[in-house]
Amino acid sequence: MFLLHVALQGCLRADNVEYGLTADTGGHIRYLLDLVKASTADGPVRRSVIATRGFESELGAEYAPAPLRVEAGFEILRIGTETPFYLAKEELWREVESFADRLVAWIEAQDERPDLLHAHYADAASVAAIVEDRLGIPFVFTAHSLGRVKADVMGEKAAKVPHLGRRIAIEEAAIARASLVIASSRDEAEVQYAGYEAYDPGRIRILPPGSDLSRFGAARACPEVEASIGRFLADPGKPVLLALARPVAKKNLCALVRAYGESPELRERANLVIMAGNRQDLAALDAEMAGEIRDILCLIDRYDLYGHVAYPKTHRPDDVAAIYAYARDRRGIFVNPALNEPFGLTLLEASAVGLPLVATDSGGPNDIIEMCGNGELVDPNSTFAIADAALRILRDTALWDRYSAAGAKAVASYDWSRHAARYHELLASLLARREQATPPPVDQILICDIDNTLVGCDVGVRRFTEWRSEQEGMVFGVATGRSFHSAMSILEQRDAPRPQVMITSVGSEVYHLDANGTTYTADPDWRAIVQRGWNRGAVLRALKGLPGLVPQAALEQRAFKLSYFSDGDREVTSRVRARLEAAGLRCSVIHSHGRYLDILPVRASKGTAVEFVRQRYGLPENAVFVAGDSGNDIEMLRTIPQAIIVANFSDDLASLPALSHSYVAQATHARGVIEGVLHFRSKARLAWQSAR
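**Student:** I'm lost on the overall build of the chain in this one. Help?
**Tutor:** The helix and strand tally for the chain stands at 26 helices and 26 strands. A globule of 692 residues ought to have a C-alpha radius of gyration of about 26 Å, and the chain, at 27 Å, matches this closely. Over its C-alpha atoms, taken along the principal directions, the chain stretches across nearly 90 × 65 × 45 Å. In the chain, which comprises 692 residues, the share counted as buried stands at 58%. Here the chain contributes 78 positive and 89 negative side-chain charges, whose respective centroids are spaced 3 Å apart.

**Student:** Quick question: what am I supposed to make of the pairing of strand S4 (residues 74-79) here?
**Tutor:** Along a regular strand, successive side chains alternate from one face of the sheet to the other. Of all six residues in S4, six are buried, a share of seventy percent or more. Residues Phe-74, Ile-76 and Arg-78 line one face of S4 and the alternating positions Glu-75, Leu-77 and Ile-79 line the opposite face, and both faces are buried. Taken together, the five bridges between strand S2 (residues 47-53) and S4 define a ladder with parallel strand orientation. Within S4, the position partnered with Val-49 by the bridge is Glu-75. By the bridge criterion, four bridges tie strand S3 (residues 66-71) to S4 in an arrangement that is antiparallel. Note on S4: the bridge partner recorded for Glu-71 is Phe-74. Connecting S3 to the next strand, S4, in antiparallel fashion are two residues, including Ala-72 with a positive phi near 55°.

**Student:** Sorry, what's going on with empty space enclosed by the protein here?
**Tutor:** In this approach a probe as big as a water molecule rolls over the atoms, and the regions it shows empty are the leftover space. On inspection of all chains with the given rule, the structure shows three cavities of 30 Å³ or more. Its volume calculated, the largest cavity comes out at about 130 Å³. As for the largest cavity, its lining consists of Gln-9, Lys-89, Glu-90, Trp-93, Tyr-121, Ala-122, Asp-123, His-163, Arg-166, Arg-167, Ile-170 and Glu-171. Sorting the residues of the lining of the largest cavity by element identifies helix H3 (122-135) and helix H5 (164-177) as the ones contributing at least two each. Residue contributions to the lining of the largest cavity peak at four residues, all from H5. Looking at the lining of the largest cavity residue by residue, the classes come out as four nonpolar, two polar and six charged. Put simply, the second largest cavity is a space of about 50 Å³. Taken together, Ile-274, Ala-276, Arg-279, Ile-293, Ile-296, Leu-297, Tyr-311 and Pro-312 make up the full set of residues lining the second largest cavity. It is helix H11 (residues 287-302) that provides the largest number of residues to the lining of the second largest cavity, a total of three residues. Partitioned by chemical class, the residues of the lining of the second largest cavity number seven nonpolar, no polar and one charged.

**Student:** Honestly, the packing of aromatic side chains in this entry has me stumped. Any pointers?
**Tutor:** Both the distance between ring centres and the angle between the ring planes are used here to describe each pair of aromatic rings. Counted under the stated rule, the structure contains 13 aromatic pairs. Between the aromatic rings of Phe-464 and Trp-467, the centroid separation amounts to 5.6 Å while the plane-to-plane angle is 45°, which identifies the pairing as tilted. With Phe-464 and Trp-467 both in helix H19 (residues 458-469) and three residues apart, the pair spans about one turn of that helix. Here Phe-464 and Trp-467 have matching classes, each one buried. Relative to Phe-680, the ring of Tyr-663 lies with its centre 6.4 Å away and its plane at 75°, an arrangement referred to as edge-to-face. Residue Tyr-663 is found in strand S26 (residues 663-664), and its partner Phe-680 is found in helix H26 (residues 669-691); the two are separated by 17 residues along the sequence. Put simply, the rings of Phe-55, Tyr-63 and Tyr-86 touch in pairs and so form one group of aromatic residues. Sitting over the ring of Trp-93, Arg-166 keeps its end group 3.6 Å from the ring centre. Just above the ring of Tyr-326 sits the side chain of Arg-330; from NZ or CZ to the centre is 3.7 Å.

**Student:** Teacher, can you tell me more about helix H8 (residues 223-230) here?
**Tutor:** Think of an α-helix as 3.6 residues a turn; residues three or four steps apart then line up on the same face. Looking only at H8, the buried set comprises Val-225, Ile-229 and Gly-230. All buried residues of H8 lie within an arc of 115° about the axis, which places them on one face of the element. Along H8, exposed side chains directed more than 90 degrees from the buried face belong to Pro-223 and Glu-224. Residues of H8 that are buried in the fold lie against strand S10 (271-275), strand S11 (309-310) and helix H12 (320-329).

**Student:** Help me understand the layout of surface pockets in this model?
**Tutor:** Quantified by volume, the second largest pocket comes out at close to 1500 Å³. Surrounding the second largest pocket, 49 residues form its lining, Arg-186, Glu-370, Asp-451, Arg-482 and Ser-486 being those nearest its centre. At the level of elements, helix H14 (365-372), helix H17 (408-413), helix H18 (416-431), helix H20 (484-493), strand S21 (562-566) and strand S23 (596-601) are the ones that each hand at least two residues to the lining of the second largest pocket. Among the elements that line the lining of the second largest pocket, the one with the most residues is H14, at five residues. Within the lining of the second largest pocket, the residues separate by chemical class into 16 nonpolar, 18 polar and 15 charged.

**Student:** Hey, could you run me through the sheet that holds strand S20 (residues 549-551) in this one?
**Tutor:** Strand pairing within a sheet occurs via backbone hydrogen bonds; the two strands may be parallel or antiparallel. With antiparallel pairing, the four strands of this open sheet are ordered in space as S20-S21-S23-S22. Of all strands in the sheet, those with a lone pairing partner are S20 and strand S22 (587-592), marking the two edges. This sheet shows a mean twist of 30° between the axes of neighbouring strands, independent of strand direction. Judged from the six bridges that link them, S22 and S23 form a sheet pairing that is antiparallel. Bridged to Ser-588 within S23 is Leu-600. Packing against the sheet, helix H22 (residues 536-543) makes contact with S20, S21, S22 and S23, and its axis sits at approximately 20° to S21.

**Student:** Before we go on, may I ask you to explain the environment of Ile-323 in this structure?
**Tutor:** Looking at where Ile-323 falls in the secondary structure, it is placed in helix H12. Using a relative accessible area of 2% as the deciding quantity, one classes Ile-323 as buried. Considering only alpha carbons, one finds Ile-323 and Cys-222, 101 residues apart in sequence, at a separation of 8.4 Å. Not counting chain neighbours up to four residues away, the residues in contact with Ile-323 comprise Val-225, Leu-242, Met-275 and His-315.

Basis of the calculations
Residues numbered from 1 in each chain as written. Predicted model: local features only at pLDDT ≥ 70, side-chain atom pairs only at ≥ 80, totals over all residues. Heavy atoms only, no water. Helix = DSSP H or I, 4+ residues; strand = E, 2+ residues; numbered from the N terminus. Rg over C-alpha atoms; globule rule 2.2 N^0.38 Å. Buried < 20%, exposed > 50% of the residue type's maximum accessible area, 1.4 Å probe, protein only. Lys, Arg positive; Asp, Glu negative; His and termini not counted. Charge placed at Lys NZ, Arg CZ, Asp CG, Glu CD. Pairing = 2+ DSSP bridges. 1 Å grid on protein atoms, 1.4 Å probe; cavity = no way out; pocket = protein on both sides within 12 Å on 5 of 7 lines; lining within 4 Å. Points joined across faces, edges and corners; volume = space filled by probe spheres on them. Nonpolar A, V, L, I, M, F, W, Y, C, P; charged D, E, K, R; others polar. Phe/Tyr/Trp six-rings, centres within 6.5 Å; stacked < 30°, edge-to-face > 60°. Lys NZ or Arg CZ within 6 Å of the ring centre and 35° of its normal. Arc of directions from axis to C-beta. Contact = heavy atoms within 4.5 Å. Axes fitted to C-alpha atoms, helices over the stretch in contact; angles between N-to-C directions.

Structure representation (structure tokens):
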């Protein structure tokens, strides 16, 4: 496979990237370089080229336009455009045509053409679309950050940002055109992209970046770092609140300084260390970065934090591990207060060193902290929440120890080789030329819940995958309370087989696998059914303030699903139904695992969705198997005669009269699903033989 990456922004070079040198020289370059290195290290990619923009600048001669050359084991092509000097991302749209013309000419001069382009940021996607139009080479798209998110955060101020509206329009075109959109987190896939008209969940796949965390696990502080930080501090031995980010508005560093300055206890317990990029002279920085640094300095002066805050002007890339170690050795905390963090590479690095986290609840940190259990999520707009979370960890030595130790999971979970393997599989499936043969006839459907049914036992998942591959004529699907992307993530993490049908968000959404075997299409007929009579705003108003209910995070809410935590009271469902009926609202209310409560359109449930899928395939009821383990599976299990309850069930499923027809397996999880299918098949054979 020959991959051509397109990345116009920032100052890209293979080694010793000067992150923070410009506002656009940030994490996306780190991501791209690490991806290319991992992708070319092993697997089907025989050649990787990065096409970036070349320019003349005092920033360095190495950024000038240059023919293809090998750097650090891969190839970099620096293409000059109409404008010869460095441009910020807001100005790059002017260069798209000239960059694309010269890239097409370069491709046509090669002995072989790339199999696929990977566009990084929307301007690169504009280039890739031109290449596809002229040469027929498809492309995938990674946004890295999105203009609409920036606009939402800025509110009314967004109207004054030059070219922001143009950037959003370019992103709309990129999302609509790409063969596949690669996101780094659920927040990006389900919340950030959802604000775009071209949003299509089935064409977005979450692929968390890997990270080479090995050098961070053994990190040690060094005298140079000790000196560069310690010279600011009256008591350098105190615990440290550490932030490491470019000084731009979205990183929200000023909120961290305010949180620290407004909390006498926090100032007493800890020092604040801010590593805000690199600068030789404040006047040489671009306007946004210079403005943020000035605001930080003004806040330090306002709260009189001299001797309590360190803000070194520079640090080398090789110093980063030692900076984390400096904070760890003082039992400190890594803080990321960004208004939105698309992924959070620094969080992984800090975790690998053993630092607990306090991080924004907007973006990738949700996924990292959920997986690793190594810190606290906070509202980045609340200085009180930031300070309170930090104090909670600083006050509790056992909690600090637990969060510190849990960081080791980051090393195991976010690995570049695993990322590359999944990346290659996705690209290969997109490129595969499928024979146009008639698909085999479908004679059975198996649909099962995910959590604690299909997954929960790794041995069971492996056995199920083997068994599934042998089931000719069977459509495999899942029905889950998870969202589409959450479901895809857990299935891929557990190496479960890819479903042909996905019933998600407790039956309120149905997706079908496309012919390319990679992307999915939402079923428009099912959407039309569930949205009839649904008034999401009225449901929110009716349940506001109801005792025993707490809304789940924004990430768990869907267009046709409202999710709450309950207090576990058995009567909570009755109270909710009564409140909805009093407001004249007809909805489905589903309570599971004693604490999760979902409100859905009255026509939406796992049961009605399974019945819809059965009718779509034109199969009788006795050709459908369903399997589950908990209360949110009841409707599905009640609806289908061939219902399987795995041995590790909860919510008293096996004793419910409405499920008396179900088969209760002796095996747990996925092996219980197999056992149930075999039971019903055997029963059907015996009935057929008796009827002869």
